[in-house]
Every structure is written in C-alpha cells, then in structure tokens.
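# Commentary on secondary and tertiary structure
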Amino acid sequence: MAATILVVEDEPGIQEVLKFNLGSHGHDVLVAADAEQALGLLRGALPDLILLDWMLPGMSGLEFARRLRAEPRLKNIPIIMLTARTDERDKVLGLETGADDYITKPFSPRELMARIKAVLRRRAPQMTEDPVEIAGLRLDPVSHRVFGDGKPIDLGPTEFRLLHFLMTHPERVYTRSQLLDHVWGDHVFVEERTVDVHIRRLRSALEPTGHNRLIQTVRGSGYRLSAT
Ligand code: CA
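Here we summarise the structure given alongside this text. (Residues numbered from 1 in each chain as written. Predicted model: local features only at pLDDT ≥ 70, side-chain atom pairs only at ≥ 80, totals over all residues. Heavy atoms only, no water.)

### Digging into the sheet that holds strand 3 (residues 49-53)
The strand order across the open sheet built from five strands is 2-1-3-4-5, with neighbouring strands paired in parallel fashion. Across the chains shown, the open sheet's two edge strands, defined by having one partner strand only, are strand 2 (28-32) and strand 5 (101-104). The mean angle between the axes of side-by-side strands here comes to 20°, regardless of whether they run parallel or antiparallel. Bridge count for strand 3 against strand 4 (residues 79-83) is four bridges, and the pairing is parallel. Opposite Leu-51, over in strand 4, you have Ile-80 as the bridge partner. (Pairing = 2+ DSSP bridges. Helix = DSSP H or I, 4+ residues; strand = E, 2+ residues; numbered from the N terminus. Axes fitted to C-alpha atoms, helices over the stretch in contact; angles between N-to-C directions.)

This is the structure in structure tokens:
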C-alpha cells in the first residue's frame, strides 16, 4: 500500500526520520515545515494522508487541522497528529478537531506504520490491497487484475484506479472535481472533461460482461457506482 504522505513538522531531525521510514515502506513523502507551506502544497496535488505535528511555529497543528476540516476540498484527507504531549485533554481535543488518530512522540516506526495502515484502511479503502467484489465484478489490487463474472477485463492504469476508487466507495455520487482529487490526486492541472473520457473507456471495457451498467451518470452532479 503505497501512499502519498504530507509531513507537517518543523523539527529537521524528526522530518528526516519520518522521510526515511515512510520512504523505506514505499510511500511518497512531501514535507512542509509549517501550516503555510503545507497549504501551498495542498493547492496542487492532494496527499492520501497528513502527518501533522501539534506544535508548529505560526498556526498550530490543531488550528491547521480545523482549517482543513472546514474546506470541502481538503476535509476528507485523513490526519494523524504527532505530539510530544501526553495530556489526555489535548488528545481528546485533537480527535474532536477531526484528527483520525494520534501518536505521541517518541514513537516507534513500527507503531507509526501500523497506525498509518489502519487509518488508510478505514478512511481510504482504495489505498489498501484488499480485493473488492460487487455484482460479479471483481478487482484485485495485488495482481492488478479485474474479472467480470470470472472473465478477465483489460483496463488501462487510470481506468483501473478509477474503478478501484468507485468500487471502494459504492452508492455515493462523486463530482468530476472530486474524482480528479481522489483518482488523479490533482485538482488543478487536469480538465474535468478528462474524467468523462476515462469513464467512457471504463464503461466500454466493462461492456462485454454487462458491468458497464454499474457506472451511473448522475445528471448535473457526476458519477456513482451502484449495483442497483
Ligand atoms: Ca514541532
């Protein structure tokens, strides 16, 4: 499970440790030393998860988390807060603000990895390698293969990611802009009609087994994967 992780941490030593550990587990790491820098990075591609230090110069980690949760485009990014504090009240405050989990420094790399994995599994199931199956359509992230009623289906890499995202978030409508953020990881440099192009390709690949009917257009909103 390789994710793009944004580390917001001002201490160079801890930045290095995190970069090394996350990188050696196959994750792509972006580093910001404060909230301002992090917001700059977030104007481009969205990370799959944010590791956020509580004590930052300028805007605190807590304020930053609040700010993320208030912005529709950013509010669904999972957050794990890092802190030296062990105070129970702060922990509760952090979780109430919308952090998904909480790690107290010093932490072991093993614990950190386990928590990242747990949060991604819960919040971003398309990041995990669990196979998904809906109405006879089966997608296996490990072998990177898709089967419709047992027959192999050939998909391009973008169609594969798009289908994986939709299958792990069924029965929900996503706008083109949301799909760009989740599947392309980028909101800014890709045109929204690109989504339509790949939806069209996906549907035509699924047509031989009739699974194209799972990909529904919701007029005026976007797309939804539904078995009904
Ligand atoms: Ca700090």
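Structure shown, so let's carry the discussion forward.
### Here's the deal with the sheet that holds strand 6 (residues 132-134)
For sheets, the rule is that strands pair by backbone hydrogen bonds, running either parallel or antiparallel. Strand order in the open sheet made by the four strands is 6-7-8-9, with antiparallel pairing throughout. Looking at strand neighbours, the two that pair on one side only are strand 6 and strand 9 (151-153), the edges of this open sheet. The average angle at which neighbouring strand axes cross in this sheet is 25°, direction not considered. Pairing geometry for strand 6 and strand 7 (residues 137-140), over three bridges, is antiparallel. Paired with Glu-133 across the strands is Arg-138, a residue of strand 7. Seen against the sheet, helix 6 (residues 157-168) touches strand 6, strand 7 and strand 8 (145-148) and runs at an angle of roughly 115° to strand 7. (Contact = heavy atoms within 4.5 Å.)

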